[in-house]
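Architecture and fold: a report
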Amino acid sequence: MRRQIAAIASASLVILAAAAARADGYEPVVTAAPVSLPAADWTGFYANAGVGYGFWDAQTTTDAPGRCVSCATTDHAGRGWLGEVGFGYDYQVSHRIVAGLLVNYAFADIRGNVSDSVFTTARTSSETTWFVGLRAGWLMTPEILNYLSVGYTQAHFSGGSLRNSYTGAPLPGARLAGYDAGGWFLGTGLEVAMHGGWHWRGEVRYADYGKKARTETGISPVFNLNFDPVVGTATTGLVYRFDWGR
């Protein structure tokens, strides 16, 4: 109670002194109070969406039942655009460290050609990918997060019709099977708090899915294309943090 009274008394003295100064014809210089902007809050749930560009590179060999047909490793590659959506949760461990969980889903058309190095070729595309993982980062400033991410990922590459490698003519009824496999990913990125709960994020990511056989059907003998892809992507997008103003 005494503190409240003292505060009221002090405020009253300031007001009276100002009134007296005005009565004497003196107008004090009024300076604007500094605007206090809310600090970025990195703890809470968020949703993100973005676009980007990606490439894949796959080493292949070809087998027939009981034997190797093309034993020398051949490189194939593709490139194209992608879109990505996701959500996650971050926790600001200290004034410099942020850690969290992430789930992302990418839809893409990262397209290229593969060949069995014998007489067939087909077009394949990295179409869908999902990621689940952890990320941890260092706040360079209260608004700028530099982070690393790591986790598990699954990818789907489309199948396609086979063509003759030399003439380009389609081979009726012949197809290359699709590819579905899991692997690991590693990424790094930068996230910047902008206004309200909105952030901008840029990220590059590398994923390795391991070797898996893709069957070529409709030809005799049936070949297995041993497909071993890695995928690199670069994305940019927006993040909205639901708990920024709590």
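Scroll up to find the structure this text is about.
In this report, we go over the structure that sits alongside the text. (Residues numbered from 1 in each chain as written. Predicted model: local features only at pLDDT ≥ 70, side-chain atom pairs only at ≥ 80, totals over all residues. Heavy atoms only, no water.)

1. Some remarks on the overall build of the protein
Going by this rule: Starting at the N terminus, helices and strands are each numbered in turn, a helix being any DSSP run of H or I of at least four residues and a strand any DSSP run of E of at least two. Throughout, exposure labels follow a simple rule: accessible area from a 1.4 Å probe, protein chains only, divided by the maximum for the residue type, with under 20% read as buried, over 50% as exposed, and the rest as partly exposed. What makes two residues a contact is simply this: any of their non-hydrogen atoms within 4.5 Å. Working definition of accessibility: Shrake-Rupley area with a 1.4 Å probe, residue cover restricted to the visible protein chains.
A count of helical and extended segments in the protein gives one helix and 11 strands. Counted from the first residue to the last, the protein has its helices and strands arranged as α-β-β-β-β-β-β-β-β-β-β-β. Counting over 246 residues, the protein shows a buried share of 38%. Looking at the protein alone, contacts between residues at least 24 apart form 69% of all its contacts between residues at least 6 apart. Accessible surface computed for the protein: about 13700 Å², of which carbon and sulfur atoms make up 65%.

2. Comments concerning empty space enclosed by the protein
Stated precisely, the cut-off is as follows: Grid points spaced at 1 Å and placed over the protein atoms alone form the basis of the search, with a cavity being a set where a 1.4 Å probe fits but cannot get out and a pocket an open set showing protein on both sides within 12 Å along at least five of seven lines. Lining residues have an atom within 4 Å of a point. Grid points are joined across faces, edges and corners, and a volume is the space filled by probe spheres set on the points. All amino acids are sorted into three groups, where Ala, Val, Leu, Ile, Met, Phe, Trp, Tyr, Cys and Pro are nonpolar, Asp, Glu, Lys and Arg are charged, and the leftover types, Gly among them, are polar.
Enumeration over the complete set of coordinates arrives at three cavities of 30 Å³ or more. Lining of the largest cavity is provided by 16 residues; of these, A106, T129, F131, V231 and T233 occupy positions nearest its centre. If you list the elements that add at least two residues to the lining of the largest cavity, you get β2 (67-92), β3 (97-115), β4 (120-141), β9 (198-208) and β11 (223-241). Of the residues contributing to the lining of the largest cavity, the split by class is eight nonpolar, five polar and three charged. Each pocket or cavity is described by its volume, and for the second largest cavity that value is around 90 Å³.

3. Observations regarding the side chain of N104
With respect to the helices, strands and loops of the structure, N104 is situated in strand β3. Judged by relative accessible area, which is 4%, N104 ranks as buried.

4. A few points about the state of the cysteines
Test applied: Count a disulfide wherever a pair of cysteine sulfur atoms falls within 2.5 Å.
A full pass over the atoms with the stated rule returns one disulfide. Linked covalently through their sulfurs, C68 and C71 form a disulfide whose S-S length is 2.1 Å. You can call C71 exposed: its relative accessible area is 54%.

5. So, the packing of aromatic side chains
Which entries qualify depends on this criterion: Ring pairs are drawn from Phe, Tyr and Trp, using the six-membered ring of Trp, whenever the two centres fall within 6.5 Å, and their geometry is named by plane angle: stacked under 30 degrees, edge-to-face over 60, tilted for the rest. A ring has a charge above it when a Lys NZ or an Arg CZ is no more than 6 Å from the ring centre and no more than 35 degrees off the ring normal.
Under the criterion given, the structure shown has 13 aromatic pairs. Judged by centre distance (6.1 Å) and plane angle (65°), the rings of F119 and F223 are edge-to-face. With F119 in the loop between β3 and β4 and F223 in strand β11, this pair connects stretches of sequence that are 104 residues apart. Taking the relative accessible area as the measure of exposure, F119 reaches 26% and is therefore partly exposed. Consider the rings of Y179 and F227, whose centres lie 5.2 Å apart with planes at 70°: the pair is edge-to-face. Of this pair, Y179 sits in strand β8 (residues 179-195) while F227 is found in strand β11, placing the two residues 48 residues apart along the sequence. Like Y179, the residue F227 is buried in the burial classification. Grouped by ring-pair contacts, the aromatic residues W56, F157, Y179 and F227 constitute a single cluster. The residue whose ring lies beneath R205 is F131, and the NZ or CZ to ring-centre distance is 4.3 Å. Across the ring face of F185, the terminal group of R205 is positioned such that the distance to the ring centre comes to 5.1 Å.

6. Some remarks on unusual backbone geometry
The omega torsion of the bond from S220 to P221 falls at 0°, within 30 degrees of zero and hence cis. Here P221 is to be found in the loop between β10 (212-217) and β11. One non-glycine residue, S117, adopts positive backbone phi at about 65°. By secondary structure assignment, the location of S117 is in the loop between β3 and β4. Assessed through its relative accessible area of 36%, S117 is described here as partly exposed.

7. Section: the pattern of salt bridges
Here is the rule we go by: Salt bridges are identified by distance alone: a Lys or Arg side-chain nitrogen within 4 Å of an Asp or Glu carboxyl oxygen.
Here the structure, examined in full by the defined rule, presents eight salt bridges. Measuring nitrogen to oxygen at the nearest pair gives 3.2 Å for the salt bridge that ties R205 to E84. Placement of the pair is R205 in strand β9 and E84 in strand β2, with a sequence separation of 121 residues. Taking relative accessible area as the criterion, R205 reaches 7% and is therefore assigned buried. The exposure class of E84 is buried, given its relative accessible area of 9%. In this structure, D90 and R241 form a salt bridge, with 2.7 Å as the shortest nitrogen-oxygen distance. Placement of D90 in strand β2 and of R241 in strand β11 is noted, with a sequence separation of 151 residues between them. As far as burial versus exposure is concerned, D90 and R241 are alike and both buried. Several salt bridges converge on common partners, so that one network encompasses D90, R135, E191, R201 and R241.

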